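The lines below spell out each chain.
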Amino acid sequence: MKSSLWDKGFHLFAWGCSLVLVAAVSIILGFLIVKGYHTLAPSLIFGDTPFWEALLLRRQVFDGLFPAMVGTLCLIVLAIVFAIPLGLFTGIFLAEYASPKVKWLFSLVFDILAGIPSIVVGLFGFSITLFLHHCFFDRLYPCLLISALSLAFLVLPYMIRTTQMALENLPMDVRMTAPSLGATKFQNIFYVLLPASLSIIVSGIILSIGRCAEDTAVIMLTGAVATAGIPRSVFASFEALPFYIYYISSQYADHSELMKGYGACLVLIFICMILFVLAHWIKQRLAQKLLYRS
Amino acid sequence: MVREKFPKFVFMGASLLSVGITLAILGFMVALAYPLFARGMFWKMLIQPWSPDQDLFGLGPMIVGTLSIASLAVCISLPISCGVACFVGIIHPRGKGRTLRQMVEAMTAIPTVIYGFVGIFLLVPLVRELFSQGSGMCIFSAGIMLGVLISPTMILFFIQSFTLVPQPYLNAADALGANTVQKFFYIVLPCAWKSMATGLILSFGRAMGDTLIALMISGNAVGFPGSLLDSARTLTAHIGLIIAADFDSIEFKTLFVCGICLYAMTGIGVILVRFLAGKGRVK
C-alpha cells in the first residue's frame, strides 16, 4: 500500500512538472501573441514605404523592421559561408583521418569552444577589431564582417560535431563498398560518404543558421547598432532583429515603438521556428528513407 | 599520390585553424589582461568589490552574482526537468510524452532575447507587485527566466541518459513486479546518474554563459547582492555593459579578466564532463 502511494506521488510529480513547463511556454508565447498580434501587418516591416520599392532597395525604410531583417540575413549568409568549409573540413578530418589520440584532444578543444559563452566570443571579435584598428587599418571599426566572423566561430563547433557524427555513424557496408572497388580514400569521402550523410549535415547547418539568427551577445559587441539602414558594405555597421528587440526593451521612447518590439519578437520567433521545423523535416525524411530502403 | 595527400593536408589545415581559434580566444584575453597579471592584481581582483572611486576594480560582486543567478536557475530547473524527463522517458514514452518532447525540442529554438523581453515586461512587474520591494529587477526574476531557458537542455540530456539504461534490466524489474517509482530509483537512477550529472554541468555552464537575460532583468547593480531580491550584475553582463574602448584603462582590462573567468569556468566544466564520461560509460 505504501509503495503504491509513492507510485501515485511520483506520477503526480511528473504530471505537475510537465504542466508547469507547458504553462511557462504557453504564457511566454501567449503574452507575446496577445500583446503583439495586432502589429502584424505589412507596415510593421516596411513602414510607410511601398514594399516593392523597399525590396528593390530604391527607397530607404525608416520606421519598419526591413533594415533589421536584411541585416540579419546578410549576417547569417556571411557567417555560414565562413563556417561551412571550416566546419566541414574539420569534421571530415576528425572522422576519417585523425588518429585516436589526436581525435580525443581535438574534440576536447572543440567541446571547450562549444562551451565558451557567446559574449566572450563577441569580446574576442571586439578586441581583434581594436587591435587591427590600432596597428594596421585606421578605418576599421566594428562591422558586419567582424560580426559574421565571430558568429562563424560561435557555430563552428556545432558544424564540426554534426559532420563528424554523421560520418562516423554511417554503416560499414556504405563505407567499404567504394574502397573495395579501388577508390581512393578521398574519392570514397567525396563521392560516397559525404553524399550519404548530406541530410544530417544540412540539418545541422540549418540549426546553426538558427543560432546565428538568434544570437545577440556577439553582435552587440561587434557592430550591431540601432539605426543604420541597409548595410552598404561588409565594413559598415548594421541592424539586426535580436539586437533591435534588446534595444527596444531598454530604450523605447513611446508606446508605438514598444509595440514594434512585440512585433519584432513575433517575427524572430517565426523565423527561428521555420528554420527549426525545416531542419527537423530534413532529418525525418532521411530517417524514413533509411527505413524503407533496407 | 599527390592527389591523395592534398585533401588530407587541407582537412588537417582546417582543423588546426579551428583549434587555433579556440586557443587564440584564450591567448588574446590573457595577453590583453597581462598588465594586471604583471602587477599581481589578478587574484586580488577576483574577490575585491567594484568601486572605481577608490581605485578598486574587483570583480567579486560579478562572480557572486553569476554564481547565485546560475545556481538559482539550476535549482529551479532541476526538479522540473527531472519530472518532465520521467514523464517523457518512463511514464509515457509514446502519445502525450512524444508531443511534450517535441515541444521541448522546439523550445530550444526560441531565441534568448525573447525570454529576456518577456521577462522585462511580464515577470519583472509581477515580481515587483508581489514582493513590493525594489524595481523587480533582481536575482530572483533572472533566476526564474534562466531556469526556463536551460530546462530544455537539461530535459533532453536526461531523456538521452534514460535511453542508455539497458532494456533487459527494465524488463527484469517489470517481471519482478516493480512499479514506476521503484524502477526509477533502483534501476534508472543508478545506471544513468553519471550521464545526468553531465547534463547538469552543461546546463550550469549554459546558465553562467547567458548574457541577455542577466543583462536585461537582473538590474546590473555593482554591489555584492545581499538577498534574492537584490539586483546583481553577472560577469557576462559586465562585459556587455562596458563601452569604453580605451585600450589602456583598467576598466577595459577588467573585461578580459571577466572573459578569462568565464572561459576557465566553462572549460573546467567541459573537462569535468569528459572525466565523468571516461570513468563510467553505460554501454
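Residues numbered from 1 in each chain as written. Chains lettered and ligands numbered in written order. Predicted model: local features only at pLDDT ≥ 70, side-chain atom pairs only at ≥ 80, totals over all residues.

**Focus on the overall build of chain B**
Alright, step 1. Each helix and strand in chain B was counted, giving 12 helices and two strands.
Alright, step 2. If you list the helices and strands of chain B from N to C, you get α-α-α-β-β-α-α-α-α-α-α-α-α-α.
Alright, step 3. Referenced to the eigenvectors of the C-alpha coordinate spread, the extents of chain B come out at roughly 75 × 70 × 30 Å.
Alright, step 4. For chain B, buried positions account for 49% of its 283 residues.
Alright, step 5. At a minimum sequence separation of 6, the contacts of chain B that also span at least 24 residues come to 73%. (Helix = DSSP H or I, 4+ residues; strand = E, 2+ residues; numbered from the N terminus. Buried ≥ 20, exposed ≤ 12 C-beta atoms within 10 Å, placed from the backbone. Contact = placed C-beta atoms within 7 Å.)

**Some points on the overall build of chain A**
Alright, step 1. Assigned secondary structure in chain A consists of 13 helices and zero strands.
Alright, step 2. Along its sequence from the N terminus, chain A presents helices and strands in the succession α-α-α-α-α-α-α-α-α-α-α-α-α.
Alright, step 3. Expressed along its principal axes, the backbone C-alpha trace of chain A runs to roughly 75 × 65 × 40 Å.
Alright, step 4. Here chain A, with 294 residues, has 45% of them falling under the buried criterion.
Alright, step 5. Put simply, 74% of the contacts in chain A that link residues at least 6 apart link residues at least 24 apart.

**Re the domain arrangement of chain B**
Residues and elements named next belong to chain B.
Alright, step 1. Under the domain assignment used here, chain B contains domain 1 (2–21 + 26–32) and domain 2 (60–279).
Alright, step 2. With centres defined by C-alpha atoms, the gap from domain 1 to domain 2 works out at 33 Å.
Alright, step 3. Across the boundary between the two partners, domain 1 contributes four residues, which contact five residues of domain 2.
Alright, step 4. In terms of residue class, the side of domain 1 that touches domain 2 is built from four nonpolar, no polar and no charged. (Domains from an automatic or database assignment. Nonpolar A, V, L, I, M, F, W, Y, C, P; charged D, E, K, R; others polar.)

**Section: the environment of R206 of chain B**
Residues and elements named next belong to chain B.
Alright, step 1. Its place among the elements puts R206 in helix 9 (residues 180–209).
Alright, step 2. Spatially, the C-alpha atom of R206 lies 20 Å from that of G219, the residues being 13 residues apart in sequence.
Alright, step 3. Excluding residues within four positions of it along the chain, R206 makes contact with I150 and T153.

**As for the environment of G97 of chain B**
Residue and element names in this part refer to chain B.
Alright, step 1. Structurally, G97 can be placed in helix 5 (residues 96–107).
Alright, step 2. A count of 20 C-beta atoms within 10 Å places G97 in the buried class.
Alright, step 3. Distance in space between the C-alpha atoms of G97 and V84 is 8.9 Å, their sequence separation being 13 residues.
Alright, step 4. Excluding its chain neighbours within four sequence positions, the residues that come into contact with G97 are F87, V88 and H92.

**Quick notes on helix 12 (residues 241–251) of chain A**
Given 3.6 residues per helical turn, the α-helix brings residues three or four places apart onto the same face.
Alright, step 1. With nine of 11 residues buried, helix 12 of chain A lies mostly within the body of the structure.
Alright, step 2. Of the positions making up helix 12 of chain A, those classed as buried are L241, P242, F243, Y244, I245, Y246, Y247, I248 and S249 of chain A.

**Things to note about the domain arrangement of chain A**
It is common to report an interface's size as the accessible area lost on association of the parts.
All names here are of chain A.
Alright, step 1. Assigned domains of chain A: these are domain 1 (1–39) and domain 2 (44–293).
Alright, step 2. Between the C-alpha centres of domain 1 and domain 2 the distance comes to 32 Å.
Alright, step 3. Contacts between the two partners involve five residues from domain 1 and, on the opposite side, seven residues from domain 2.
Alright, step 4. Tallied by class, residues from the side of domain 1 that touches domain 2 come to two nonpolar, two polar and one charged.

**Here's the deal with the nonpolar core**
Alright, step 1. Within the largest apolar cluster, 179 residues are counted, with the highest numbers of intra-cluster contacts made by L75, A79, L241 and I245 of chain A together with M145 and I213 of chain B.
Alright, step 2. The contact partners of L241 of chain A, leaving out residues within four places of it in the chain, are L65, A68, M69, T72, A264, V267 and L268 of chain A. (Core = buried A, V, L, I, M, F, W, Y, C linked by C-beta atoms within 7 Å.)

**Things to note about the interface of chain A and chain B**
Alright, step 1. Between chain A and chain B, the residue contacts involve 68 residues of the former and 64 residues of the latter.
Alright, step 2. Here the element with the most residues in the side of chain A that touches chain B is helix 1 (residues 2–36) of chain A; it accounts for 20 residues.

**Structural notes on the packing of helix 4 (residues 60–91) of chain B against helix 5 of chain B**
Residue and element names in this part refer to chain B.
Alright, step 1. Here helix 4 crosses helix 5 at 130°, and the two axes come no closer than 8 Å. When the axes of helix 4 and helix 5 are compared, the pair comes out oblique. Pair helix 4 / helix 5 crosses with left-handed handedness. Counted together, V84, F87 and V88 of helix 4 and G97, L100 and R101 of helix 5 form the full contact between these two elements.
Alright, step 2. Classifying every residue of the contact of helix 4 with helix 5 gives four nonpolar, one polar and one charged. (Axes fitted to C-alpha atoms, helices over the stretch in contact; angles between N-to-C directions. Parallel < 35°, antiparallel > 145°, perpendicular 65-115°, else oblique. Left-handed = near helix turned anticlockwise from the far one by under 90°.)

**Section: the environment of M220 of chain A**
Alright, step 1. With respect to the helices and strands, the residue M220 of chain A is situated in helix 11 (residues 217–221).
Alright, step 2. With sequence-adjacent residues up to four places away left out, M220 of chain A is seen in contact with G122 and F243 of chain A together with G240 of chain B.

**Description of helix 6 (residues 118–135) of chain A**
Alright, step 1. Counted at 1.5 Å a residue, the expected span for helix 6 of chain A with its 18 residues is 26 Å, and the 26 Å between its end C-alpha atoms agrees.
Alright, step 2. Taken as a whole, helix 6 of chain A has its buried residues at S118, I119, V120, V121, G122, L123, F124, G125, F126, S127 and T129 of chain A. (Expected span 1.5 Å × (residues − 1).)

**Remarks on the packing of helix 4 (residues 66–97) of chain A against helix 10 (residues 198–214) of chain A**
Residue and element names in this part refer to chain A.
Alright, step 1. Put simply, helix 4 and helix 10 touch, their axes get as near as 9 Å, and they point 135° apart. For the element pair helix 4 / helix 10, the angle class is oblique. The crossing of helix 4 and helix 10 is right-handed. Listed contacts from helix 10 to T72, L75, I76, A79, I80, A83 and I84 of helix 4 are I205, S208, I209, C212 and A213.

**Topic: the confidence of the model for chain A**
Alright, step 1. On average, chain A scores 86 in pLDDT, and the residues at 70 or more come to 97%.
Alright, step 2. Of all the helices and strands in chain A, helix 3 (residues 51–55) of chain A carries the lowest mean pLDDT, 74, while helix 7 (residues 144–168) of chain A carries the highest, 92. (pLDDT = per-residue confidence, 0-100.)

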